[in-house]
Amino acid sequence: MGGDARRSGELSPRPARGGSARRWDEDDVRVRPNPRGSRPRTKERPAHADAVDAFVVAVDRGRSHCLVGEGTGDERTVVAMRARELGRQGVVVGDRVGLVGDVSGTPDTLARIVRIDERRTALRRTADDTDPIERVVVANADQLVVVTAVADPEPRSRLVDRCLVAAYVAGMQPLLCLTKGDLRPAQEVLRTWAPLGLDAVVTSRGPEGLLGLEAVRERLAGRTSVLVGHSGVGKSTLVNALVPAAGRATGHVNAVTGRGRHTSTSMAALALPGGGWVVDTPGIRSFGLAHVDPEAVLRAFPDLVPGEAGCPRGCTHDEADCALDAWVEQGRAGAAGPARLASFRRLLAARRPAREDQVPEER
């Protein structure tokens, strides 16, 4: 065999002594040197001890807008890309991250996100009720503000229920915000969720702007709150009143379909003048809960949890031999027990798929 074979690391035959048989030994091996050196690969990643802390206020087409220097008087917004070493871990609004590179905030500069801090809370949803993949919508929020109008468009109680389930599962405090209170008495709508003991605020349109805005400000002060609601309920109008510099687009309700038009097309965290953050989200048509199990919903009803001990194994809490019925009948959940159990089961029913054009249930 020729020199080409030896250069490729193959064995070259050599005749054995006293015969034509061939044998091989180590002298016949030719090893090609590694032109890139022999340094072993490692799975260790840089510690990035010098990474700068930042708060993600918006995410747009893979680029994150991060606030650096929060509360120092030297705040600036830095555009950053997620580092490859983070793998598939995504960045969402509300994340606390670490940045390296150019963090000056100068136009046309780009930093790298090399660390995503552990999330205190994570609001999740699925694309629909058959999608097994859950997606984080917002991270590290304290409060989920479910915004719905008392009329124009009509309240969609099923959608509100789904948002409440998502808040309970995420460990966030829910707040019900009813808008357009000048069109209909708000108590008629509040009666639907009264057994849940929800905190609620009502706003209405007046000659000088929104009435009831101070009550909303009090609930949001010093907290990170996410506003969720379907299109046309006045969510962007509320945000513009809370944060005058926000400039969120507003729209109107279609007189034929009774639905609003999508106006906010992006998610953004906005600093409240009195402290805290409000995260405005685009209007939603549905809220998938494929990732939620009944036990997670039950934890939002501590007065019913002890009654679960008598349930059969695998109980869905919505069947004939569920022990929660006896628990409530014995008065062990208090005077509001029957109404609380009914609300709990209605939230369970909200997890089941439904047509988008379903008529809101009777109140």
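Since this is a predicted model, take the numbers as computed values, not measurements.

Counted by the stated rule, this structure contains 18 salt bridges. A salt bridge links Asp142 to Arg120; the nearest nitrogen and oxygen atoms lie 3.2 Å apart. Of the two residues, Asp142 sits in the loop between strand E9 (134–139) and strand E10 (143–149) while Arg120 sits in the loop between strand E7 (111–116) and strand E8 (122–126), which places them 22 residues apart along the sequence. Under the relative-accessibility criterion, Asp142 is labelled partly exposed at 23%. Given a relative accessible area of 55%, Arg120 falls into the exposed group. Taken together, the salt bridges that share partners define one network made up of Asp53, Arg115 and Asp117.

Applying the stated criterion across every chain, the model contains three aromatic pairs. The interplanar angle of 55° and the centroid separation of 4.8 Å between the aromatic rings of Phe55 and Trp277 together place this pair among those described as tilted. With Phe55 in strand E3 (residues 52–60) and Trp277 in strand E17 (residues 277–280), this pair connects stretches of sequence that are 222 residues apart. The exposure class assigned to Phe55 is buried, which follows from its relative accessible area of 3%. Its relative accessible area of 11% is what places Trp277 among the buried residues. Measuring from centroid to centroid gives 5.4 Å for Phe301 and Phe344, while their planes differ by 65°, and the two rings are edge-to-face. Of the two residues, Phe301 is situated in the loop between helix H6 (294–298) and helix H7 (324–329) and Phe344 in helix H8 (residues 337–350); the sequence distance between them amounts to 43 residues. Phe344 matches Phe301 in its accessibility class, with the two residues each being buried. Grouping aromatic residues by their ring pairs yields a cluster made of Tyr168, Phe301 and Phe344.

Conventions adopted
Residues numbered from 1 in each chain as written. Predicted model: local features only at pLDDT ≥ 70, side-chain atom pairs only at ≥ 80, totals over all residues. Heavy atoms only, no water. Salt bridge = Lys/Arg side-chain N within 4 Å of Asp/Glu carboxyl O. Helix = DSSP H or I, 4+ residues; strand = E, 2+ residues; numbered from the N terminus. Buried < 20%, exposed > 50% of the residue type's maximum accessible area, 1.4 Å probe, protein only. Phe/Tyr/Trp six-rings, centres within 6.5 Å; stacked < 30°, edge-to-face > 60°.

That's the geometry; what it means functionally is another story.
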